Amino acid sequence: MRVVTLSENSAGLKKGVLAEHGFSAYLEYADFKLIFDAGQTTTTVHNADFLEIDLEGVSIALSHGHYDHTGGLVNLLRRTGPVTVYAHPDVFATRYFRRKGALRQNGIPFDRVDLEGMAAGFKFSRRAQEIHPGLWLTGEVPRLTEFETASDDLVITSEDGKTTVDPLLDDQALVVVLTRGLFVLLGCAHSGMINTLEHAKEVTGVDTILGVAGGTHLGFGGKVKLQKTVDALRSFDLEILAPCHCTGFAAASALAATYPDQFVNNSVGTEIEL
Ligand SMILES: [Fe+2]
Ligand SMILES: [Fe+2]
């Protein structure tokens, strides 16, 4: 398995790559090629070119419907042509980010019909699905820990204009089954990093998690959630811990300080092979 970070909030050493708030990763697993999330605008395709990653023959999967993971879809579809896109049906929910009483659009910036018109062949599932032998999308993640609560600044509105916290049921991760255990790729982990890792074990029936990478949303959850997550991660015995995107500097620093041998500074161009 090979995973390359294509779009992320920081750019690595490779010349010419660009960063933006968002996430996208490229995965090669035997002869299967997948783009997990599409970044916010044009960085996914731009960086794939600079990193010499061939987008011919890829499939696409979406971790959830936020603009910073889906806004790059049109640009990506222009390059791929007809392509299967795995997602939860709620990726098209209208959603907002609430700050100081004001609402800002936070959802996918395209209509389903427009994307289908560009040859996106959606395969929707609310439940876990094995999209290729040994490669799983988790589907909805049960929220079991007491400390991984929903963010009250991420909201949806009902027809009467009422605002409620977005349950983000579409939030899911990608799970790769390897000989020695699992590799888990997170989008934003809005369901909670620990909940997601536990669900990955449940879905695959594999108890060992070798590595985890991607957005953890720990940059937005406060100190208690961060500390409890850092502590809970100890039980997984990870070999690789490569958080990025919505993890933020403070949470990444805490993870790096606690797990220095496992920590990978994950930015655009970072490659993980297992
Ligand atoms: Fe995000
Ligand atoms: Fe998100």
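See the structure shown above.
Residues numbered from 1 in each chain as written. Chains lettered and ligands numbered in written order. Predicted model: local features only at pLDDT ≥ 70, side-chain atom pairs only at ≥ 80, totals over all residues.

Chemist: Please provide a residue-by-residue account of the sheet that holds strand E12 (residues 163-165), values included.
Modeler: Reading across the sheet, the 4 strands line up as E7-E6-E11-E12 and stay open at both edges, with antiparallel pairing between neighbours. Lying at the two open borders of the sheet, with one neighbouring strand each, are strand E7 (102-105) and E12. The average angle at which neighbouring strand axes cross in this sheet is 45°, direction not considered. Sheet topology note: the strand E6 (residues 96-99)/E7 ladder contains 4 bridges and is antiparallel. Residue pairing across strands places Phe 97 opposite Arg 104, the latter belonging to E7. (Pairing = 2+ DSSP bridges. Helix = DSSP H or I, 4+ residues; strand = E, 2+ residues; numbered from the N terminus. Axes fitted to C-alpha atoms, helices over the stretch in contact; angles between N-to-C directions.)

Chemist: Explain the pairing of strand E3 (residues 32-36) residue by residue, including any values.
Modeler: Here 5 bridges tie strand E2 (residues 24-29) to E3, and the two strands are oriented antiparallel to one another. Counted as the bridge partner of Ala 25 is Phe 36 from E3. The loop that links E2 with its antiparallel partner E3 comprises 2 residues; one of these, Ala 30, has a positive phi angle of about 55°. In the sheet, E3 pairs with strand E4 (residues 59-61) via 3 bridges, with the strands oriented parallel. Pairing of Phe 36 across the sheet is with Ala 61, part of E4.

Function-wise, these values are silent; they only describe arrangement.
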